[in-house]
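Results of the structural survey
The primary structure of each chain is shown beneath.
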Amino acid sequence: MECQAESDSRQRTREYLAGLKLLKQGAEARVYQGKFLGKAAVVKERFPKTYRHPALEEKLTHRRTAQEGRAILRCRKAGIPAPVIYFVDYVTNCIYMEDIEGSVTVRDYIMTAQKNGRNLHDLAEKIGKILARMHDEDVIHGDLTTSNMLLRPPHQDLDLVLIDFGLSFISALPEDKGVDLYVLEKAFLSTHPNTEEIFSALLKSYSASSKKSSPVIKKLDEVRLRGRKRSMIG
Amino acid sequence: MTIVIGFEGSANKIGVGIIQDGKVLSNPRRTYITPPGQGFLPSDTARHHRSCVLEVLHEALEEAKIQPKDIDCVAYTKGPGMGAPLVSVAIVARTVAQLWKKPLLGVNHCIGHIEMGRLITGAENPTVLYVSGGNTQVISYSEHRYRIFGETIDIAVGNCLDRFARVLKIPNDPSPGYNIEQMAKKGKKFVELPYTVKGMDVSFSGILSYIEDMAHKMLSSGECTPEDLCFSLQETLFAMLVEITERAMAHCGSQEVLIVGGVGCNVRLQEMMEIMCKERSAKLFATDERFCIDNGAMIAQAGWEMFRSGHMTPLEDSWITQRYRTDEVEVTWRD
Ligand SMILES: Nc1ncnc2c1ncn2[C@@H]1O[C@H](COP(=O)(O)OP(=O)(O)O)[C@@H](O)[C@H]1O
Ligand SMILES: [Mg+2]
């Protein structure tokens, strides 16, 4: 049985969120926009997923909320840009964090840039550099896509912020870092057709910036090959 | 009016289907079923297909009430799949195309599933979850290609289910997946299994090896029943699939999901996907076993689209391939 304090806290959160503006329904959470202690904030609510078994649901949702908070803290300590965390509520699985006001996702930025024939080389270099620093801190993001990177305004300054660390974990293994890049590569190329060159600029910048890149890139090649050789039988 | 006949035999099903402008005229099929505990081997499967392909072809023509002269194009599965069964069916397609003097068309099996799903459900531009014995992919269309946003990084979900069935000696008739689904309905206890999602990708090999190691120990100690294991396996695998589908939808801004492939007729998977869709005001499209499971009409339908947009496969290029990615095909028939 849930204790009184917990159900009170749920009730309070429900009322509080009802007064905020729903900004987006993301891949696994609802993101609301409002104020937290006077500061522009977003609240990322991992609401219960009723499609999955309650035992699985509770474990995953709790773990991801905790992981997201922890990884963002670790990144920020190392000077890797991510939103400031104001408060984490483990009862309702809500993260209160800095609103990156006026930001766009890198996905939307690239789509507009492609339409307008703008060059994306600098952006690719910037992404490569930040991911190299993140991996050098042994943070594996776990869900690298262009939807999970924001640009602060003015967007052309390429002031990049990493978000959505729910699937992240800590590992020093080149295999884990290689898979992290592999996931990004596939998401990048399928979201943005004809960007092979831009993505290879990203990897080049990653390699130049990371102290430990060569075993990672070797693993990336291996994972790619595994993908290509995978049997499609049955 | 365009009539296309399609030949499918990339795995343990052999099917011949006839499509006339969006209408399924016939779609007979046979399945090669192995004893419990055994998978299907390429050479035995090819022998099965060879032994019944002509009978299935006759049935398809008869039921459609057409003559070979009414057919405009002969489509066959070019890949991906098992080499020997693919060859056994491609040879028949090649032969009848020459006998009847009709153009030939090699079709990507995965594209067949997608086009058939779109035809039957009327889904406009869905995020596609393609789940079968050999494939697990999350696909979205853009700029003339079915682009793969997520996939398994090791084994396919259907392969995981089939091999689990072999461990527990669950019968292969009508299919291991169907029998697991029925047993899962009687499961009560949820046994925790590894859960591995990497962005829009999934991994199933960890679950399989965990079960292969633990199943007999857990069963003999009375910790759980075979039904509990079926239930827990389904709950875990399908939660992973729904999760990556939702992630792709959020990323692509999509409000439609289409489930295709043999595992797609699992009612529990459809139910879970439906709940996810409701939570984001999206719409689910799914089909039943007639069209989810490999069949000839799906090859005919993809062939119809390709033929109408000007494709043809010259005889000398009418080979097969075991590996053939969904995103290799240029989709000339969509905007
Ligand atoms: N700190 C933030 N400031 C501004 N916008 C944000 C912030 N965090 C998330 N968003 C917006 O919400 C979307 C979903 O957030 P995300 O953390 O990626 O959740 P999900 O795990 O559901 O994908 C992002 O793509 C972005 O547009
Ligand atoms: Mg996200």
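Residues numbered from 1 in each chain as written. Chains lettered and ligands numbered in written order. Predicted model: local features only at pLDDT ≥ 70, side-chain atom pairs only at ≥ 80, totals over all residues. Heavy atoms only, no water.

**Quick notes on the UniProt feature "binding site: substrate" (unreviewed entry) in chain B**
Residue and element names in this part refer to chain B. On the UniProt side, "binding site: substrate" (unreviewed entry) is annotated at positions that read Y130, V131, S132, G133, G134, D162, G177, E181 and N266 here. By the secondary structure assignment, S132 is in the loop between β7 (127-131) and β8 (136-142). Looking at where N266 falls in the secondary structure, it is placed in the loop between β12 (256-260) and α8 (267-279). Look at N266 and you get buried, because its relative accessible area is 5%. A polar side-chain atom of N266 sits 3.2 Å from the main-chain amide nitrogen of L269. (UniProt positions renumbered as here; feature names shortened; annotations may be inferred. Helix = DSSP H or I, 4+ residues; strand = E, 2+ residues; numbered from the N terminus. Buried < 20%, exposed > 50% of the residue type's maximum accessible area, 1.4 Å probe, protein only. Polar contact = N/O pair within 3.5 Å; in protein donor to acceptor, adjacent residues only side chain to side chain.)

**Topic: the site of ligand 1**
All names here are of chain A. As a matter of local geometry, ligand 1 sits amid 21 residues, with A27, K44, E98, I100 and D164 nearest to it. In the environment of ligand 1, an oxygen atom lies 2.9 Å from a nitrogen or oxygen atom belonging to the backbone of E28. N148 places a polar side-chain atom, nitrogen or oxygen, 3.0 Å from an oxygen atom of ligand 1. Those elements that provide at least two residues to the shell around ligand 1 are β1 (21-25), β3 (39-45) and β5 (94-98). Split into classes, the residues belonging to the shell around ligand 1 amount to 10 nonpolar, five polar and six charged. (Near = heavy atom within 4 Å. Nonpolar A, V, L, I, M, F, W, Y, C, P; charged D, E, K, R; others polar.)

**What to know about the pattern of salt bridges**
Under the criterion given, the structure shown has 37 salt bridges over all chains. A salt bridge links E28 of chain A to R46 of chain A, with the shortest nitrogen-to-oxygen separation between them at 3.4 Å. Remark: R46 of chain A occurs in the loop between β3 and α2 (54-77) and E28 of chain A occurs in the loop between β1 and β2 (30-36); sequence separation between them is 18 residues. Each member of the pair, E28 of chain A as well as R46 of chain A, is classed as buried. When the shortest N-O distance is used, the salt bridge between E151 of chain B and R325 of chain B registers 3.4 Å. Of this pair, E151 of chain B sits in strand β9 (residues 145-151) while R325 of chain B sits in the segment after α10 (296-308), and the two are 174 residues apart along the sequence. Given the relative accessible area of 2%, E151 of chain B is considered buried. Taken together, the shared-partner salt bridges in this structure form one network comprising E28, K44, R46, R52, E57, R64, E68, D143 and D164 of chain A together with E243 and R247 of chain B. (Salt bridge = Lys/Arg side-chain N within 4 Å of Asp/Glu carboxyl O.)

**What to know about the sheet that holds β12 of chain B**
Residues and elements named next belong to chain B. An order of β9-β8-β7-β12-β13 is seen for the five strands of this open sheet, with the pairing classed as mixed. One side of each edge strand has no neighbouring strand; the edge strands of this open sheet are β9 and β13 (283-286). Recorded for the sheet is a direction-independent mean angle of 25 degrees between the axes of neighbouring strands. Running over the sheet, helix α7 (residues 226-252) touches β7, β8, β9 and β12 and is turned about 155 degrees from β7. (Pairing = 2+ DSSP bridges. Axes fitted to C-alpha atoms, helices over the stretch in contact; angles between N-to-C directions. Contact = heavy atoms within 4.5 Å.)

**Some remarks on the coordination of the magnesium ion (ligand 2)**
All names here are of chain A. Distances from the magnesium ion (ligand 2) to its protein donors, namely N148 (OD1) and D164 (OD), fall within the range 2.2 Å. Of the two residues, N148 sits in the loop between β7 (139-140) and β8 (149-151) while D164 sits in the loop between β9 (160-162) and β10 (169-170), which places them 16 residues apart along the sequence. Of the two residues, N148 and D164, neither departs from the other in class, the shared state being buried. (Donors = N, O, S within 2.8 Å, 3.2 Å for Na, K, Ca; no water.)

**A short note on the sheet that holds β1 of chain A**
Residue and element names in this part refer to chain A. In spatial order, the strands read β1-β2-β3-β5-β4; together these five strands make up an open sheet with antiparallel pairing. If you trace the sheet from one side to the other, it starts and ends with β1 and β4 (85-89), each paired once. Averaged over all neighbouring strand pairs, the angle between strand axes comes to 25 degrees, with direction disregarded. Here β2 pairs with β3 via seven bridges, running antiparallel. Considered in β3, the bridge of K35 is made with A40.

**Notes on helix α2 (residues 83-100) of chain B**
Residues spaced three or four apart along an α-helix face the same direction, because each turn holds 3.6 residues. Residue and element names in this part refer to chain B. The end-to-end C-alpha distance of α2, which contains 18 residues, comes to 26 Å, matching closely the 26 Å that a straight helix rising 1.5 Å per residue would cover. As for α2, its buried residues are in contact with β1 (3-8), β2 (13-20), α1 (42-64), β5 (73-79) and β6 (104-108). K101, located one to two residues past α2, shows a positive phi value of around 55 degrees. (Expected span 1.5 Å × (residues − 1).)

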